[in-house]
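Structural overview
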Amino acid sequence: MIPIPAFLVLAGILFGIGAVGFLVRRNVLVALMSIELMLNAVNLTFVAFNRAYPRAHVGHTTAFFVIAIAAAEAAVGLAIVLAFFRLRKTVRSDAADILKN
Amino acid sequence: MNDLVTLWVPLAVLGLGVLLLLVDVLTPPKKAAQADVGWLVAVGLLVIFGATFLVDVQGVAAYGAYRTGPWALFFQRLFLVAGALAAFGGVEDVQKRTPGRQGEYWLMMLFSLSGMVLVPGAQNLLLVVVAFELMSIPLYVLAAHGKTDPDEASAKGNAAEAAVKLYFVGALSTAFTLFGLGLLTGLTGTTELARIGAAPLQPLAALGLLFVLGGLGYKIGMVPFHMWVPDTYQGARAPFVAFLSVAPKAAGLAVIAGIFAFGMQTQKSLWVGPLGMAAFLSMAIGNLLAVTQSDTRRLLGYSGVAQMGYVLIALATGEEFGLAMVLFFLVAYLFTNLGAFLVVHANAEAGAGFEVDGLAGLSRRAPKLALALACFLLSLAGIPFVVGFWAKLYVLLAAYRAGLVSLVVAGVVLAVIGLFYYLRLLRAAYMTEPTVSRPDERFGGPALGLAIALCVVAVVGLGLFPKPLLDAATRASHDLGVPAAAPHVGAR
Amino acid sequence: MIASYIPMFLIIAVGILLATVFFLGSTFLGPKQAKGAEHNTPYESGSESSGGRHVRLSVKFYLTAILFVVFDIEAVFLYPWGIKFRSFGWLGLVEMLGFLGVLVIGLVYCWKKGALEWET
């Protein structure tokens, strides 16, 4: 039986990898993937904590909703990235620099 | 069945959306391109708004996950009015720029609104998250609306860039909020707002709390999470930005109030510090950066960041009186900021662009519009006899009563800086000669005029008679169930 | 604790070992011959390969894929409902039908907007 803190550490590491990837990589598609990774870390947290309260399935149900939210967000995000790519011919986030002072 | 009655406001908005969807799908494209769908939305939302005064429903639904009462109703009315005004303000723009895609625009608007009206009533963190996402995701789509419009700005992909920025910041904030909520609910073992604060807080849960504050702070444009605000405001269509700059922020504050002031009221000493700090930084950075802007939309964006700082002062008190002032401020901000953006939009429609210099000679070119702009700017600056004055005064009063004296001093000093750039806009509109003079300028259509007129009436009317709104805000705040006057908690 | 992982490590070790043996074995035992241009072309079931490596895929694939993902994910809510199906009774059935009804409306919207047409 793997203890709950181990899962939390793993979730924290995954979330950290996602956050760092989001901030460091200049490719918007990689940024999208990083966000997915972070949301999966969230799911791991919810499911791991559910073990502490076996009678209530709060963690499991929440994970389902997080999955649905992530899918909806990814769909919209890809569409926006696609529109951005069509107009600017690149998926690098440096190209998003017209709107500034 | 009772649940459906209790949930009638979100269901009505959703029903309007589904109705519109079916109309959009069933009418032939050519006919749909000629119709002014926005009128249907605006009138429909106003009808629902009127019905909230006639139907008296209070109670819980969905096993206690949703509760309607004065608190939820206050926010719902705010959202419905914001939606209706944005619909009036946007109907001509949408019809003119994207006639074939009107249905999409208004559908997304209504779905976003249906999420918004769920937010303040949500008593369960799961519902809070889902409703908040239902609100946010359509907003990303709306920001990109009209991206292939043949005008110059869109051809460069400005709307797409605005959407990219709004989306990535929004998605990141969602991840942070969810991770924070995961830690919080995992350690307390419940998702009910009323019970998350009951257990003594472990360090990990405090970290989760900070993540939640950061994630929600993004959505309301709170410093240090404000970077997307000016860019998105500049790139997206102005009537949509008018909506984006008020309604989602109010929803974000409703969630912050629900989680922190209500759910975490016993752990007040934990969050008052970060919230007060964020309030100070928002006021300072928002006001200081707004001074340097040359684009009116960016200027109003930074001014919005500063205004959120003032709301957060009142929220940081965590008391009934302070929350009532939050509500009052939000209503004032709704009419003022929405109106200001619509005026800027109307001026751009006349071909003068969005630069501050583009406002030159507005008092001669369009006296009524200039007068409306003056009302809104004075209200944003907090000059007496318009509603913004009372809003600022009450917020600072609430902070003073709660002992947050340093924040009050900072608020007053920074409001003086705010005067500079608001008066700069006014000077451009009143004291400078028009650079171009064309007698046949058209400042948008009748619906846009109606929306601006309604905002002016509200700003001036509530400025002269703030009492009814104050009473309603007090009742709503009482309904949330936060301490009337919390014991002094060592806040600065 | 660690002992329970030993079978897993064994499988990994055997997997690596076998792969190495096969790889080295074919290098040493196989016929030595000159490797021409023909050798380096990808093997596509015997037919001539054509086109470059970087093929830009049509947006149509993306649209279909994303529609699939969205509708597919919604089905996840059917699983917990299915387990508790009997204890929910008629009300649960009606609520799930309502949920599916919303999905059907979405599908009708996609259909009517032409998102399901391949040739447009």
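Here the structure is a predicted model, which is why all the values come from computation and not from measurement. (Residues numbered from 1 in each chain as written. Chains lettered and ligands numbered in written order. Predicted model: local features only at pLDDT ≥ 70, side-chain atom pairs only at ≥ 80, totals over all residues.)

Take the overall build of chain A next. Scanning chain A from terminus to terminus reveals three helices and zero strands. A globule of 101 residues ought to have a C-alpha radius of gyration of about 13 Å, yet chain A, at 17 Å, is considerably larger. With respect to the three principal axes, the spread of C-alpha positions in chain A is 50 × 25 × 25 Å. Counting every position in chain A, which comprises 101 residues, the buried fraction comes to 37%. Summarising the internal contacts of chain A: among those between residues at least 6 apart in sequence, 54% fall at separations of at least 24. (Helix = DSSP H or I, 4+ residues; strand = E, 2+ residues; numbered from the N terminus. Rg over C-alpha atoms; globule rule 2.2 N^0.38 Å. Buried ≥ 20, exposed ≤ 12 C-beta atoms within 10 Å, placed from the backbone. Contact = placed C-beta atoms within 7 Å.)

Once that is clear, we can look at the overall build of chain B. Broken down by element type, chain B carries 22 helices and two strands. Here the C-alpha atoms of chain B give a radius of gyration of 21 Å, agreeing with the 23 Å that 2.2 N^0.38 yields for 492 residues. Taking the principal axes of the C-alpha coordinates as reference, chain B spans close to 70 × 55 × 40 Å. Evaluated residue by residue, chain B yields a buried proportion of 63% over its 492 residues. Considering only intrachain contacts with a sequence separation of at least 6, the fraction spanning at least 24 residues in chain B is 82%.

Here we come to the nonpolar core. Residue and element names in this part refer to chain B. By size, the foremost hydrophobic cluster in this structure holds 235 residues, and its most contacted members are Phe329 and Val395. The element best represented in this core is helix α16 (residues 320–352), accounting for 21 residues. Setting aside anything within four residues of it in sequence, one finds Val395 in contact with Tyr310, Val311, Ile313, Ala314, Met325 and Phe329. (Core = buried A, V, L, I, M, F, W, Y, C linked by C-beta atoms within 7 Å.)

Contact residues are listed per partner, giving 35 residues for chain B and 34 residues for chain A. Contributing elements (two or more residues each) for the side of chain B that touches chain A: α7 (125–143), α9 (158–188) and α11 (228–235) of chain B. The dominant element in the side of chain B that touches chain A, judged by the number of residues it contributes, is α9(B), at 19 residues. Along the lines of polarity and charge, the residues of the side of chain B that touches chain A split into 18 nonpolar, 11 polar and six charged. (Nonpolar A, V, L, I, M, F, W, Y, C, P; charged D, E, K, R; others polar.)

Residues and elements named next belong to chain B. Cis peptide bonds are those with omega within 30 degrees of zero, and the linkage from Val223 to Pro224 qualifies with 5 degrees. Take Pro224: it is sitting in the loop between α10 (203–220) and α11. Within the chain, Ala62 stands out as a residue other than glycine whose phi angle is a positive 50 degrees. Within the secondary structure, Ala62 is located in the loop between β1 (59–61) and β2 (66–68). Its 15 C-beta neighbours within 10 Å are what place Ala62 among the partly exposed residues. Of note in this structure, Tyr63 is not a glycine but carries a positive phi near 55 degrees. Take Tyr63: it is sitting in the loop between β1 and β2.

With that settled, consider the environment of Ile73(C). Tracing the sequence through the fold places Ile73(C) in helix α3 (residues 59–74). Each C-alpha atom of the pair Ile73(C) and Phe88(C) lies 22 Å from the other, and the pair is 15 residues apart in sequence. Residue contacts for Ile73(C): discarding those within four places in its chain leaves Ile67(A), Ala68(A) and Ala71(A).

Turning our eyes to something else, we now look at helix α1 (residues 6–29) of chain C. In this model α1(C) runs 34 Å from its N-terminal to its C-terminal C-alpha over 24 residues, within 8% of the 34 Å that 1.5 Å per residue would give. The buried fraction of α1(C) is low, at zero of 24 residues. (Expected span 1.5 Å × (residues − 1).)

Residue and element names in this part refer to chain B. Contact geometry for helix α2 (residues 8–26) and helix α4 (residues 37–54): axes closest at 11 Å, N-to-C directions at 160 degrees. Viewed along their axes, α2 and α4 adopt a mutual orientation that is roughly antiparallel. Considering only the axes of α2 and α4, their crossing is right-handed. Taking contact as the criterion, the partners of Val9, Ala12, Val13, Leu16 and Leu20 in α2 are, on α4, Val37, Leu40, Val41, Gly44, Ile48 and Thr52. Residues belonging to the contact of α2 with α4 are distributed by class as follows: nine nonpolar, two polar and no charged. (Axes fitted to C-alpha atoms, helices over the stretch in contact; angles between N-to-C directions. Parallel < 35°, antiparallel > 145°, perpendicular 65-115°, else oblique. Left-handed = near helix turned anticlockwise from the far one by under 90°.)

Moving on, we get to the confidence of the model for chain A. For chain A, per-residue confidence averages 87 on the pLDDT scale, and 98% of positions sit at 70 or higher. The secondary-structure element of chain A with the lowest mean pLDDT is helix α3 (residues 58–88) of chain A, recorded at 89, while helix α2 (residues 28–50) of chain A shows the highest, at 92. (pLDDT = per-residue confidence, 0-100.)

Residues and elements named next belong to chain B. The geometry of helix α15 (residues 296–317) relative to α16 is characterised by a closest axis approach of 9 Å and an angle of 175 degrees between their N-to-C directions. One way to sum up the angle between α15 and α16 is to call them roughly antiparallel. Note on element contacts: α16 touches α15 through Gly322, Met325, Val326, Phe329, Leu330, Tyr333, Asn337, Ala340, Phe341 and Val344, opposite Thr296, Arg297, Leu300, Gly304, Gln307, Tyr310, Val311, Ala314, Leu315 and Thr317. Taken together, the residues of the contact of α15 with α16 break down into 13 nonpolar, six polar and one charged.

Moving on, we get to helix α1 (residues 4–24) of chain A. All names here are of chain A. The terminal C-alpha atoms of α1, which comprises 21 residues, lie 30 Å apart, in line with the 30 Å expected from a rise of 1.5 Å per residue. All of the buried residues in α1 are Leu8, Ala11, Phe15, Gly18 and Phe22. Down the axis of α1, the buried side of the element spans an arc of 90 degrees, and every buried residue falls inside it. Structural note: α1 exposes Pro5, Ala6, Val9, Ile13, Val20 and Val24 on the side pointing more than 90 degrees away from its buried face. (Arc of directions from axis to C-beta.)

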